[in-house]
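Overview (structure and organization)
Residue strings, one per chain:
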Amino acid sequence: MAIEAPVTDFPMIIDGRPTPSSSGRWIEVRSPATREVVGRVPDGTADDVDRAVAAGRRAFREGRWSRMALADRVAAMNRLGDLLDRDADELARLETLQTGTSYKLRRESDFAFASDNLRFFATQIRNLEGKAAYEYTGTHTSFVRREPIGVVGQVSPWNYPMWMAIWKIGPALAAGNAIVLKPASATPLTTVRLAELALEAGVPAGVLNVVTGRGDVVGAALAAHMDVDLISLTGDTETGKQIQALASANLKRVHLELGGKAPFIVCADADIEAAARGATAGALINGGQDCTAATRAYVHRSVYEAFLARTAELFDGVRVGDPFDPATDLGTLISDTQVARAAGFVERAQAAGARVVAGGYRPAVPGLPDGAFYRPTIVADCAQDSEIVQDEVFGPVLAVLPFDTIEEALEKANDTRYGLAASIWTTNVFTAMEAARTLNFGHVQVNDHLMVTSEMPHGGFKQSGSGKDMSTYSFEEYTQVKHVMLELTGEPEKGWHYTVFGDKPAE
Ligand code: NAD
């Protein structure tokens with residue numbers, strides 16, 4: 001195999017040092033657009049996980065981070081935000097190289113938002129919440145301490161490699177934990193850079209360790225590790241089930257951000273232009289490789305054809321091409337496997353009687369003949385119980401179905417094993433409020449889709465996972481609450497001791 005460009009190695013970061021794997025092997029990371037090798041990472045092992053967990057445990061036990069002066073910890077997190085901004089061009093470029101998605105999206109979306117996420121979490125350390133201290137027994141003062149959990153394992157996906165890593169490390173660092181983070185093996189490069197930047201920002205050695213390698217080796221070893229106190233995954237629902245089972249070895253806490261199948265309900269009174277634009281952005285963000293992407297549009301029969309026609313026009317106008325071309329809207333998917341997966345869903349839906357009204361094929365992109373491209377695709381008239389409506393495609397594919405009553409639309413929207421995100425498009429406030437109450441999803445939006453904010457929780461119901469990313473809720477998940485009681489009387493014999501030994505004291 002010929003490697004044309006000089007390949008950069010990205011060793012893992014364990015205890016603050018660049019570290020090869022005990023396996024001696026390396027994994028090549030290839031661009032899904034050009035197929036060139038764009039970097040190499042160590043092919044990590046369970047031994048590497050042991051070393052990283054031990055480094056995290058040492059750092060935690062010594063209080064290198066959790067007992068650092070608060071102002072210094074906050075400053076280090078804010079500095080990391082500054083370094084992400086400083087290096088945003090380079091990092092977004094690296095992200096585009098390994099994911100094939102457009103540089104425009106990476107630079108103007110993920111990397112514009114990631115540093116804000118970190119700075120938000122830095123504020124959380126200064127705003128601890130809990131019950132007020134009080135003499136609840138009458139003879140003791142009780143108060144609550146909110147403490148870090150210890151060593152947390154975190155496993156991140158390939159769709160937003162750096163951004164999902166930030167969502168994980170932000171609350172965990174803010175709470176004072178030590179971390180062992182495992183990026184997806186297709187997209188580990190920016191996560192290694194993140195650990196380097198954390199050291200530059202003043203996060204002590206051993207606090208943020210990155211172990212690269214395969215999910216079923218490194219991820220599984222982390223999930224099963226007896227000295228890891230919490231395991232957090234952003235990934236597929238099936239991976240979540242495996243991790244939850246492995247985590248039972250020491251009953252570690254489990255935090256799962258899993259798959260989604262977001263419904264997108266367009267009512268008869270909706271602004272159709274806004275809904276069509278919302279569906280285009282919502283379905284095609286990151287090539288549809290987004291857990292909150294709009295995947296199932298339920299459209300009132302009276303506006304069904306009008307919505308389809310306008311949305312198809314917008315889909316057809318989306319420019320698929322070289323990820324680094326500023327005029328490109330959509331780059332590649334992550335791999336040929338992902339393209340074949342999307343195409344398979346579309347072909348089987350079509351064979352079952354659905355209608356393809358946009359896309360549905362691999363386009364030829366000049367200069368990039370082997371790129372993993374797939375045209376933005378709309379499949380209309382899908383059946384509610386079909387796989388394209390029930391399963392995660394994770395590609396630029398929108399399934400569309402008509403409905404007659406809002407009750408029917410809400411019922412069909414809820415008819416899924418997932419529960420991450422949903423949206424409804426209506427100008428009727430009563431319909432909007434009823435949908436907000438009825439839709440069984442962790443995030444419901446009215447007249448928009450995809451918006452997130454650092455201050456508000458992101459997380460799934462049902463098989464989309466448990467626990468929240470972002471917001472105070474996420475910070476709290478990386479803490480544990482301790483009740484401290486101080487006895488106030490100083491009396492050797494307490495009024496209740498006789499219930500255990502001796503006689504009841506005279507009144
Ligand atoms: P994936 O589950 O294949 O991989 C995620 C991570 O888990 C990777 O680092 C992988 O190496 C690791 N892994 C795989 N098998 C493992 C095992 N047996 N034990 C431990 N770790 C293992 O997911 P993906 O394909 O990288 O990402 C796409 C999925 O992530 C989609 O389902 C998407 O909906 C979901 N996702 C969810 C959110 C959310 O916030 N809920 C956000 C982004 C992505």
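Because the structure is predicted, anything quoted here is derived from the model rather than measured. (Residues numbered from 1 in each chain as written. Predicted model: local features only at pLDDT ≥ 70, side-chain atom pairs only at ≥ 80, totals over all residues. Heavy atoms only, no water.)

1. Considering the overall build of the protein
Here is the rule: Elements are defined by DSSP. Helices are runs of H or I of four residues or more, strands are runs of E of two residues or more, and each kind is numbered from the N terminus. Here the globule rule is a power law, 2.2 Å times the number of residues to the power 0.38, and the radius of gyration is based on C-alpha atoms. Classification of residues uses two cut-offs on accessible area relative to the type maximum, computed with a 1.4 Å probe and protein chains only: under 20% is buried, over 50% is exposed, and between them is partly exposed. We call two residues in contact whenever any of their non-hydrogen atoms come within 4.5 Å of each other. Residue burial considers only the protein chains on display, and all accessible areas are found by Shrake-Rupley using a 1.4 Å probe. Counted as positive: Lys and Arg. Counted as negative: Asp and Glu, with His and the chain ends omitted from the count. Working definition for charges: the position is that of NZ of Lys, CZ of Arg, CG of Asp or CD of Glu.
When its secondary structure is counted, the protein shows 15 helices and 19 strands. Since a compact globule built from 507 residues should have a radius of gyration of about 23 Å, the 25 Å found for the protein is in line with a globular shape. Considering only C-alpha atoms, the protein reaches an extent of 85 × 60 × 35 Å along its principal axes. Counting over 507 residues, the protein shows a buried share of 55%. Long-range contacts, defined here as pairs at least 24 residues apart, represent 74% of the contacts in the protein between residues at least 6 apart. Accessible area of the protein: about 20800 Å², with a carbon and sulfur share of 54%. In the protein, the 49 positive side-chain charges and the 65 negative ones have mean positions that sit 3 Å from each other.

2. So, the pairing of strand β11 (residues 262-266)
The following threshold applies: Any two strands with at least two DSSP-identified bridges between them are counted as paired. Handedness rule for crossovers: strands pointing away from the viewer, path from the first strand over the helix to the second running clockwise, crossover right-handed.
Within β11, five of the five residues are buried, leaving the element largely enclosed by the surrounding structure. Looking at chain direction, β11 and strand β12 (residues 294-300) are connected through five bridges and run parallel. For Val266, the partnering residue across the bridge sits in β12 and is Val299. For the segment spanning β11, helix α9 (residues 272-284) and β12, crossover handedness is right-handed. Here three bridges tie β11 to strand β16 (residues 421-425), and the two strands are oriented parallel to one another. Bridged to Phe264 within β16 is Ser423.

3. Let's talk about the layout of surface pockets
Here is the rule we go by: Cavity and pocket criteria rest on a 1 Å grid covering protein atoms alone: a 1.4 Å probe that fits but cannot get out defines a cavity, protein on both sides within 12 Å along at least 5 of 7 lines defines an open pocket, and an atom within 4 Å of a point defines a lining residue. Grid points are joined across faces, edges and corners, and a volume is the space filled by probe spheres set on the points. Source of the domain bounds: an automatic or database domain assignment. All amino acids are sorted into three groups, where Ala, Val, Leu, Ile, Met, Phe, Trp, Tyr, Cys and Pro are nonpolar, Asp, Glu, Lys and Arg are charged, and the leftover types, Gly among them, are polar.
One number sums up the size of the largest pocket: a volume of about 900 Å³. What lines the largest pocket is a set of 40 residues, and nearest its centre among them are Pro157, Trp158, Gly235, Asp236 and Thr239. Elements supplying a minimum of two residues to the lining of the largest pocket: α7 (215-224), β9 (230-234), α8 (237-247) and α11 (336-351). If you tally residues by element for the lining of the largest pocket, the top one is α8, at six residues. Two domains share the lining of the largest pocket, each providing at least three of its residues, namely domain 1 (12-258 + 473-483) and domain 2 (262-446). Of the voids in this model, the second largest pocket is the one considered here, and its volume is about 690 Å³. Taken together, 29 residues make up the lining of the second largest pocket; nearest its centre are Leu105, Ala281, Ile285, Asn286 and Leu450. If you list the elements that add at least two residues to the lining of the second largest pocket, you get α4 (103-124), α5 (161-175) and α9. Here the residues of the lining of the second largest pocket sort into 16 nonpolar, nine polar and four charged. When we break the lining of the second largest pocket down by domain, the ones giving at least three residues each are domain 1 (12-258 + 473-483) and domain 2 (262-446).

4. Notes on the sheet that holds β11
Rules: All axes here are fitted lines through C-alpha atoms, helices being fitted over the stretch that makes contact, and every angle between N-to-C directions spans 0 to 180 degrees.
The mixed open sheet is built from seven strands, whose spatial order is β13-β14-β15-β12-β11-β16-β17. Each edge of the sheet is formed by a strand with only one pairing partner; in this case those strands are β13 (355-358) and β17 (443-446). Strand-to-strand twist across the sheet, computed as the mean angle between neighbouring axes with direction ignored, equals 20°. Running at roughly 165° to β11, α9 makes contact with β11, β12, β15 (397-403) and β16 of the sheet. Strand contacts of helix α10 (residues 304-317): β11, β12, β13, β14 (377-380) and β15, with the helix running at about 55° to β13, the strand carrying the most contacts.

Any functional reading would require information that these geometric values do not contain.
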